[in-house]
Each structure stands twice: as C-alpha cells, then as structure tokens.
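Coordinates in review
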Amino acid sequence: MRIARFSIDGNVAFGAVEGDKPDELVLDIIKGIPFADFELSGTKVPLSKVRLLPPVLPNKVVAFGRNYAEHAKELGSEVPDAPFAFFKPSTSVIGPGDEIQYPSFSNELHHEAELAVVIGRMCREVPRERVKDVILGYTCANDVTARDVQKREKQWARAKGFDNSCPLGPWVETDLDLAAIAEGITIQCTVNGAQRQLGRTSEMIHSVEDLIVNITEAMTLLPGDVILTGTPAGVGPLNVGDEVAVTIEGIGTLTNKVIKRG
C-alpha cells in the first residue's frame, strides 16, 4: 500500500494511493492514522486535486553517513567500522513539490538521494529479528547538504540540519520488504533531467537491520520517525533554479526545486 499525507480544502488527511498511471491516481481517504488500525473510507479524490505533504511529520530524523563505500571514497572519507549517525531536525522536513531554499551561509549545496525508513510504532532496543515489526514502510529522501559548511565545521548540525534540507515523499510504500532491499533496489537522482546518482541498496555497508538495532540501543524511536540509510556515489552541486528528483524502485519519485532563500 502507498500511504500519502495530503491537504485538500484546508484539511489534512492520509490516503491510500490507488492506480498505476500517473495521471489517473486517486486517494482513498483513510479513517484514522496509519500508525494504528485504520480503515479505508471509500471516499476517493483524484491525486491531481490535492497537495501532497511530507508523508510523515517525524519527531526526529536519524541519518546515517558514509554507508556506501564509493560515496565515502568520493569525499575522501574513511568508511566507519560502525554505523555513523547524525540528526536532521523536524524543521528540515519538506514534502514533494516544496521548494529547497538555498541557505545564505553556503556556496556549495549538494544533493544526496537516500532510501528512508518510516517507523510505525514506538520501539527501543529492537532485536534484529523484530526490526520488520517496527517499520511502517519506506519513502524517498534527499539529504540536502551544505558541503562547504560540512567540511569547515566539526559537526554537521548546520550543514545538514538547515530548514528545507530534508525533502521526503511522495508517499510511504508499505509493501517493500527487507529481503528486497538487501537484494538491491535502485536509487537514482537527476538534476534538470540529467542523471547524477545511480546505485542499489545492496551496496549499503550496514543494512537497515543494522541501523535500527544500532540507534535503538541508544534511544526510543516514535511512530513517524524517519531513518535515512545513506547515499550512493555521485553527489554533486545544486544551483538556484535546478529541479532535483530522487527516484527509488518500487516507491516513486520525489521532486523539488531549488530557489533563492528569502
């Protein structure tokens, strides 16, 4: 099931996305929220008539860096022995079609296409065999990074946590499974239609299970929290006016435009 969060006539709701052709997609409005038992209302609206919002509003976004060897290599970084986590605040999250505002304190903005894991239930100290039980589904993410600031500052709070730096969407796909991700699904990023990144989740150094076991040893995850699993090689610059799209096999495409801040 593809679960979207959307706005229509000033109201916000969740809906199940139905259909295959982009111009014929409809939303069956959900009665309740996707983090508990819910029913489909049978009330359907065309996707073209709504504004898609970030599929979730996370309490926190836990991101993992250098989880693809070739990406670490292209930045001249060592591959960490253990998962390497950092945070993006909830204020960094935007949805499909929203604008990425180029930060005034940076001159080198980069895209990073990533598979995002959406947590479905409160969890702590999750054993590996139970990881699948705490996942609601998966979505596309762009870990937008002020690369010059990342290089200059010892920690990444400003470089990766500024407003609009975490596009998510277009919806949460609940039918992907951990086996398919381990076998490898394709992650692609294009800028103005030209391919920049192309990788597969099978290239991840630490698996989704590794990442969730690692972070829940330290902290509680809440429903709607998001885990970013790292980016494949090919990261590169974004400029004002660019349109950047992240496409993940089996999920969909997340598209955003870069604008001048202010």
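Just so you know, these numbers come straight off a predicted model, no measurement behind them.

What follows concerns the overall build of the chain. Helix and strand counts for the chain stand at 5 helices and 20 strands. Relative to the 2.2 N^0.38 estimate, which gives 18 Å for 262 residues, the radius of gyration of the chain is 17 Å and therefore close to what a compact globule would have. Reported as C-alpha extents along the three principal axes, the dimensions of the chain are approximately 50 × 45 × 30 Å. Within the span of the chain, comprising 262 residues, buried residues form 53% of the whole. For the chain, restricting intrachain contacts to residue pairs at least 6 apart in sequence, the fraction spanning at least 24 positions comes to 69%. Element-wise, carbon and sulfur atoms account for 48% of the exposed surface of the chain, whose accessible area totals about 11,800 Å². Computed over 27 positive and 36 negative side-chain charges, the separation of the two mean positions in the chain equals 5 Å.

In the structure shown here, the tally under the stated rule is 3 aromatic pairs. On the numbers, 5.1 Å between centres and 70° between planes, the contact of Phe 86 with Trp 156 is edge-to-face. In this pair, Phe 86 sits in strand β7 (residues 84-88) while Trp 156 sits in the loop between α2 (147-152) and α3 (157-161), placing the two residues 70 residues apart along the sequence. On the accessibility criterion, Phe 86 (9% relative accessible area) is buried. For the ring pair Phe 105 and Phe 162, a centre distance of 6.1 Å and an interplane angle of 80° mean the geometry is edge-to-face. Note that Phe 105 is positioned in the loop between β9 (99-102) and β10 (109-111) and Phe 162 in the loop between α3 and β14 (166-173), a separation of 57 residues in sequence.

Moving on, we get to the environment of Glu 243. Position of Glu 243 relative to the elements: it lies in strand β19 (residues 243-248). A relative accessible area of 44% places Glu 243 in the partly exposed class. Spatially, the C-alpha atoms of Glu 243 and Glu 173 are 23 Å apart, while their sequence positions differ by 70 residues. Residue contacts for Glu 243: discarding those within four places in its chain leaves Thr 190, Val 191, Asn 192, Thr 255, Asn 256 and Lys 257.

Tracing the sequence through the fold places Glu 99 in strand β9. Of the residues examined, Glu 99 reaches a relative accessible area of 44% and is grouped as partly exposed. Sequence separation between Glu 99 and Arg 51 is 48 residues; the distance between their C-alpha atoms is 14 Å. Leave out the neighbours within four places in its chain, and Glu 99 touches Ile 94, Asn 164, Lys 257 and Ile 259.

So, about the side chain of Glu 112. With respect to the helices, strands and loops of the structure, Glu 112 is situated in the loop between β10 and β11 (113-119). Polar side-chain contacts of Glu 112 include one of 3.3 Å to the side chain of Lys 160. Apart from the residues within four sequence positions on either side, Glu 112 is in contact with His 71, Ala 141, Asn 142, Asp 143, Thr 145, Arg 147, Lys 160, Gln 197, Thr 231 and Val 235.

Turning our attention to the sheet that holds strand β16 (residues 194-200). Pairing is mixed across the open sheet formed by 5 strands, whose spatial order is β9-β20-β19-β15-β16. In this open sheet, the two edge strands, each paired with only one partner strand, are β9 and β16. Each neighbouring strand pair of the sheet contributes to a mean axis angle of 20°, computed without reference to strand direction. Relative to β19, strand β15 (residues 186-191) runs antiparallel, the two being bridged by 5 bridges. Within β19, the position partnered with Gln 188 by the bridge is Thr 247.

With that settled, the discussion passes to helix α5 (residues 208-216). For α5, a buried count of 7 out of 9 residues is recorded, marking the element as mostly surrounded by other parts of the structure. Buried within α5 we find Val 208, Glu 209, Leu 211, Ile 212, Val 213, Ile 215 and Thr 216. Where α5 is buried, its residues touch β6 (61-65), β7, β11, β12 (135-142), α4 (178-183) and β17 (226-228).

Sheet topology places β19 next to strand β20 (residues 252-260); 6 bridges connect them, and they run antiparallel. Within β20, the position partnered with Ile 248 by the bridge is Gly 252. Here β19 hands over to β20 after 3 residues, with Gly 250 in that stretch at a positive phi of 85°.

What counts, and at which threshold
- Residues numbered from 1 in each chain as written.
- Predicted model: local features only at pLDDT ≥ 70, side-chain atom pairs only at ≥ 80, totals over all residues.
- Heavy atoms only, no water.
- Helix = DSSP H or I, 4+ residues; strand = E, 2+ residues; numbered from the N terminus.
- Rg over C-alpha atoms; globule rule 2.2 N^0.38 Å.
- Buried < 20%, exposed > 50% of the residue type's maximum accessible area, 1.4 Å probe, protein only.
- Contact = heavy atoms within 4.5 Å.
- Areas by Shrake-Rupley, 256 points an atom, 1.4 Å probe, with all protein chains shown as cover.
- Lys, Arg positive; Asp, Glu negative; His and termini not counted.
- Charge placed at Lys NZ, Arg CZ, Asp CG, Glu CD.
- Phe/Tyr/Trp six-rings, centres within 6.5 Å; stacked < 30°, edge-to-face > 60°.
- Polar contact = N/O pair within 3.5 Å; in protein donor to acceptor, adjacent residues only side chain to side chain.
- Pairing = 2+ DSSP bridges.
- Axes fitted to C-alpha atoms, helices over the stretch in contact; angles between N-to-C directions.

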